[in-house]
Structure formats: structure tokens, C-alpha cells
Amino acid sequence: MLVFNTKRDLKEHLDKLRSQGKRIGLVTTMGALHEGHLSLMKFTKEDSDVLVCSIFVNPTQFNNDDDLLKYPRPIEQDISLLEKIDCDVLFLPNVEEMYSEPEQWHIDLDGMDTILEGAFRPGHFQGVTQIVKKLFDAVEPHFASFGQKDYQQYVVIAKMVELFNLPVELKLCPTVREPNGLAMSSRNVRLTDNGKKQALALSAALRSVSEKVRGGAEFYSKLKQEAISFLENADGVELEYFEICDRETLQPVDRPQNDIKLVALVAAWVEGVRLIDNMFIDQPD
Ligand code: PAF
């Protein structure tokens, strides 16, 4: 695996491969890689000639200094995991490389950056789109894969791609879960075994809503309230939001509508760690 720290060296290498007609697939990460990332990379590798992974803990998407400071950075371990899965290129820039000059960034994300995650993390999606645009410019991938666990992030990045008319295809890969249902996340390393058990309430609430919708429930706002009460009473869980939304617009949906595809989304704190999860829900035909 080749490791590049500068955009210039990366570009020189990738330009050569591009001119040989190689298809480049990108997985952007903030490191602390886990099975979820690795499955994203395996999926990306299958469809590309060159797998590029980026590791960059992006300061502009954190609205809490403590969260940024505590973000895990096990870089040696990450590199050996990437080597094991035969990643071709690692882009590992520092903050100065990505933010060499002071700059303003604000794009119109149709309000999708201020709801759900955006309501609790103001500015987060502006920071995400800012860095993803920079990474797309640096790598110029044919396609980039994102995990469903950060579903709103995927929707917002798709909006940014549309806005700038970027020549990159986006792929969404399913969330990887522990056998007990816990969604894999870099933040899980900060949970004790007991915290991991408590965090299961999130996937349990999502599953229960999904089953009730598939079972023909008529009032989604009632299901949402039931999920909220369940989570508010769950040991060790401090709920931020639970919503049942249209998968495209991320607007809440109250009643069955056959032309709409649903996603249920949740965010909560467990042992001082902020966790998110979501599930796609099929409505009965
Ligand atoms: O999902 C992440 O790890 C980050 O938000 C991303 C997309 C790498 C941007 O920093």
C-alpha cells in the first residue's frame, strides 16, 4: 500500500493510473477503522481497479472541541488493517494540507443540514461537505462508497454532488452490525461492556418500529412516540431524537404512503458517547 501525505503526490500517482484507464474507488474515513469500514472497502475494491482510502479527522465537522480531542486515532492499527485488505493507496494528510488558507464554506443543502443530526450538531454537515468536496477534488474518484449508518450524511453528500455537478458516482453500503444488533462505529471503543448492552436499545427500537410498520400499523406518529418512551425509559440511554422519515427528503412521515420509502433514525448518548443508528423500513404492499 502506498501512503501519500500531500495532494500533489497523490494526484501525480493517481493521474498515471487514470491515464491507464484504471477505475478509482474511494472510501473516506476519519480512521479508527472497524469491520464496518472494512466491509465498505471490500465492497469498493470489488468494483474498482484502485482502492483509495483517506484517513483525516476533519476539525470543521466537530462542533464540540472535547469530541474532536477524544476522537480515537489508532493510526498504526489502521494501517495494518488496510494492508490486510490490500488497500492500494492511503491518503493521510494533516490539517495544514487540507486547510492551508482561511476559507468560508456554506452551501445550500435544502435545509437537510439543519434537521435531525443537523439540529443537534449545528454546522456539522457544512463541515462534512466541505471536506468531502476537498477529498473528491484531491482523489477524483470514479465512485465513492458511504455507509448507511451515517444515512443523513449520505443524503447531504448526494445533494452536494448534485449542486456542483461532480463527476462521481455515490454508493451506499449497508450498516454492519455486531451479532447482537449493535451498529459498528468507531465510537463504540469508548463504551464499556455494560454500555454496549445499554446501546442495544437503539437498534431494538428501530427493529420494533420496522416490524410494526411492516405489520400494517396506521399511525407512524404513534409508533414514534412508543419508540421515544421505550428509549427514554431504557437504562443508561439519553435520547436526542427518534424519527420516521421519507428516505429522500428526510421529512417526517405520519401515515402509510405507498409512493414513499421510509427510514427510521435515532441518536442518543450512552456513557457520554453519542451514538446514531437508522434502518430502512418497507411498508406493506
Ligand atoms: O463518515 C465519516 O467518517 C466522515 O464524516 C467523513 C465522510 C470521512 C468526512 O470527514
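Conventions and cut-offs
Residues numbered from 1 in each chain as written. Predicted model: local features only at pLDDT ≥ 70, side-chain atom pairs only at ≥ 80, totals over all residues. Heavy atoms only, no water. Axes fitted to C-alpha atoms, helices over the stretch in contact; angles between N-to-C directions. Helix = DSSP H or I, 4+ residues; strand = E, 2+ residues; numbered from the N terminus. Parallel < 35°, antiparallel > 145°, perpendicular 65-115°, else oblique. Left-handed = near helix turned anticlockwise from the far one by under 90°. Contact = heavy atoms within 4.5 Å. Buried < 20%, exposed > 50% of the residue type's maximum accessible area, 1.4 Å probe, protein only. Near = heavy atom within 4 Å. Areas by Shrake-Rupley, 256 points an atom, 1.4 Å probe, with all protein chains shown as cover. Nonpolar A, V, L, I, M, F, W, Y, C, P; charged D, E, K, R; others polar. Phe/Tyr/Trp six-rings, centres within 6.5 Å; stacked < 30°, edge-to-face > 60°. Salt bridge = Lys/Arg side-chain N within 4 Å of Asp/Glu carboxyl O. Core = buried A, V, L, I, M, F, W, Y, C linked by side-chain atoms within 4.5 Å.

Undergrad: How would you summarise the packing of helix 9 (residues 193–214) against helix 10 (residues 220–232) if you had to cite specific residues and measurements?
TA: One way to put it is that helix 9 packs onto helix 10 with a least axis distance of 10 Å and a crossing angle of 155°. Put simply, helix 9 runs roughly antiparallel to helix 10. Viewed along their axes, helix 9 and helix 10 form a crossing whose handedness is right-handed. Listed contacts from helix 10 to A201, L202, A204, A205, V209, K212 and V213 of helix 9 are Y220, L223, E226, A227, F230 and L231.

Undergrad: Please give an account of unusual backbone geometry that cites residues and values.
TA: Positioned with a positive phi, D86 is a non-glycine residue whose angle comes to about 65°. Positive phi, close to 65°, is recorded for L250, a residue that is not glycine. Mapped onto the elements, L250 comes out in the loop between strand 7 (237–246) and strand 8 (262–270). Of the residues examined, L250 reaches a relative accessible area of 1% and is grouped as buried.

Undergrad: Go over the site of the ligand with me, naming the residues and quoting the values.
TA: Near the ligand, the surroundings consist of T28, T29, M30, N58, Q61, I131, V132 and Q153. When isolated, the ligand has an accessible area of 290 Å², and the protein chains bury 90% of it. Those elements that place two or more of their residues in the shell around the ligand are strand 2 (24–29) and helix 7 (124–139). Broken down by class, the residue content of the shell around the ligand amounts to three nonpolar, five polar and no charged.

Undergrad: Explain the environment of G215 to me, using residue names and the numbers behind them.
TA: Structurally, G215 is set in the loop between helix 9 and helix 10. Taking the relative accessible area as the measure of exposure, G215 reaches 66% and is therefore exposed. Between the alpha carbons of G215 and E46 there is a distance of 36 Å; along the sequence they are 169 residues apart.

Undergrad: Tell me about the environment of V273, and please be specific about residues and values.
TA: With respect to the element layout, V273 can be found in strand 9 (residues 273–281). Counting along the chain gives 214 residues from V273 to P59, while the straight-line C-alpha distance between them is 18 Å. Residues contacting V273, with those up to four places away along its chain left out, are R187, R190, L191 and A268.

Undergrad: Let's hear about the packing of aromatic side chains: which residues, and what values?
TA: The final tally for this structure, using the stated rule, is seven aromatic pairs. Summarising the aromatic geometry, the rings of F136 and F146 are spaced 6.4 Å apart at their centres and angled 65° between planes, so their arrangement reads as edge-to-face. Highlighted residues: F136 in helix 7 and F146 in strand 5 (residues 143–147), separated in sequence by 10 residues. One exposure class covers both F136 and F146, and it is buried. Taking the centre distance of 6.3 Å and the plane angle of 25° together, the rings of Y151 and Y154 count as stacked.

Undergrad: Run through the pattern of salt bridges, naming residues and quoting values.
TA: Applying the stated rule across the entire model yields 21 salt bridges. A salt bridge links D47 to K171; the shortest N-O distance between them is 2.4 Å. Taken together, the residues D47 in the loop between helix 2 (35–46) and strand 3 (50–55) and K171 in strand 6 (residues 169–173) connect sequence positions 124 residues apart. Its relative accessible area of 16% is what places K171 among the buried residues.

Undergrad: With reference to specific residues and values, describe the nonpolar core.
TA: Soluble globular proteins: nonpolar side chains tend toward being buried together. In terms of nonpolar packing, the biggest core is built from 44 residues, with F136 and I157 touching the most fellow members. Excluding residues that lie within four positions of it along the chain, F136 makes contacts with L26, P141, A144, F146, I157, V161, L166, V168 and L170. Grouped together as the second largest cluster of nonpolar side chains are 30 residues, L206, L231, V237 and L275 included.

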